[in-house]
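Per-entry structural report
What follows is the residue order along each chain.
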Amino acid sequence: MNMRSTRSTVTFSNPFTLPGCPSDLPAGDYEVLVEEELLQGLSFEAYRRTATYLTVRGEGSHAGRTELRAISDSDLKEALSRDATTQETNNHSEAALSPQEDLK
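Read on for a plain summary of the structure. (Residues numbered from 1 in each chain as written. Predicted model: local features only at pLDDT ≥ 70, side-chain atom pairs only at ≥ 80, totals over all residues. Heavy atoms only, no water.)

Observations concerning the pattern of salt bridges
To keep it simple, the criterion reads: A pair is scored as a salt bridge if a Lys or Arg side-chain nitrogen falls within 4 Å of a carboxyl oxygen belonging to Asp or Glu. Secondary structure elements follow DSSP: runs of H or I no shorter than four residues count as helices, runs of E no shorter than two count as strands, and numbering proceeds from the N terminus. The classification of residues rests on relative accessible area computed with a 1.4 Å probe and restricted to protein chains. Under 20% of the type maximum is buried, over 50% is exposed, and intermediate values are partly exposed.
Scanning all chains against the criterion turns up eight salt bridges. The salt bridge partner of R4 is E36, with a shortest N-O separation of 2.7 Å. With R4 in strand β1 (residues 3-12) and E36 in strand β2 (residues 28-38), this pair connects stretches of sequence that are 32 residues apart. Residue E36 is classed as buried on the basis of its relative accessible area, which comes to 12%.

Structural data, given as structure tokens:
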């Protein structure tokens, strides 16, 4: 069976959670590894996703340790969507809460 792997990077602007992760993950760049298998018997080339992994680097006492955490594509998309919504809300809030210039 022919397999392929693709890597991409996603950026979270805020701490986030994923199902199955015991704690919040910090904001930052994360590498995503997607594994796919070639579908046999078709008249064209097509692949089916078999696994998606998020690369998580350790912090504190776990610094230097890297984990590949299995995640679903839908959970990743949902987390990215929540992050974008939070970022947009924060941007509007900061603008609304910025101090006004003193008029002299």
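Topic: the packing of aromatic side chains
Centre-to-centre distance and the angle between the planes together describe a pair of aromatic rings. Here is the rule: A pair of aromatic rings is counted whenever rings of Phe, Tyr or Trp (Trp by its six-membered ring) have centres within 6.5 Å, and the orientation is called stacked for planes under 30 degrees apart, edge-to-face for over 60 and tilted otherwise. Note on geometry: a ring has a charge over it if NZ (lysine) or CZ (arginine) is within 6 Å of the ring centre and within 35 degrees of the ring normal.
Counted under the stated rule, the structure contains three aromatic pairs. Ring geometry for F12 against Y30: centres 6.0 Å apart, planes inclined by 80 degrees, an arrangement best described as edge-to-face. Taken together, the positions of F12 in strand β1 and Y30 in strand β2 put the pair 18 residues apart, joining distant regions of the chain. No difference in accessibility class separates F12 from Y30, as the two residues are buried. Every member of this aromatic cluster is reached through a ring pair, and the members are F12, F16 and Y30. Above the plane of the ring of Y47 lies R4, whose end atom (NZ or CZ) is 3.7 Å from the centre.

Focus: the environment of N2
Counted only if it meets this: Every residue pair with non-hydrogen atoms within 4.5 Å of one another is taken to be in contact.
Within the secondary structure layout, N2 lies in the segment before β1. Expressed as a C-alpha distance, the spacing of N2 and L38, which sit 36 residues apart in the sequence, is 5.4 Å. Dropping the residues within four chain positions of it, N2 is found in contact with E36, E37 and L38.

What to know about the layout of surface pockets
In plain terms, the rule: Both site types are read off a 1 Å grid over the protein atoms alone. A 1.4 Å probe that fits but cannot get out defines a cavity, while an open set with protein on both sides within 12 Å along at least five of seven lines defines a pocket; lining residues have an atom within 4 Å of a point. Grid points are joined across faces, edges and corners, and a volume is the space filled by probe spheres set on the points. Amino acid classes used here: Ala, Val, Leu, Ile, Met, Phe, Trp, Tyr, Cys and Pro are nonpolar; Asp, Glu, Lys and Arg are charged; the rest, including Gly, are polar.
Roughly 210 Å³ of volume is contained in the largest pocket. Lining the largest pocket we find 12 residues, and of these V56, R57, G58, E59 and R69 sit closest to its centre. Listed by contribution, the elements that provide at least two residues to the lining of the largest pocket are β3 (47-57) and β4 (66-71). The residue makeup of the lining of the largest pocket, split by class, is three nonpolar, three polar and six charged.

A few points about the sheet that holds β1
Selection criterion: Note: two strands are recorded as paired if DSSP finds a minimum of 2 bridges between them. The angle between two axes is taken between their N-to-C directions and runs from 0 to 180 degrees, where each axis is a line fitted to C-alpha atoms and a helix contributes only its stretch in contact.
The four strands lie next to each other as β1-β2-β3-β4, forming an open sheet whose pairing is antiparallel. Both outer strands of the open sheet, β1 and β4, are each paired with one neighbouring strand and no more. Strand-to-strand twist of the sheet, defined as the mean angle between neighbouring strand axes without regard to direction, takes the value 30 degrees. Sheet topology note: the β2/β3 ladder contains seven bridges and is antiparallel. Along β3, the bridge assignment pairs L38 with Y47.

That's the geometry; what it means functionally is another story.
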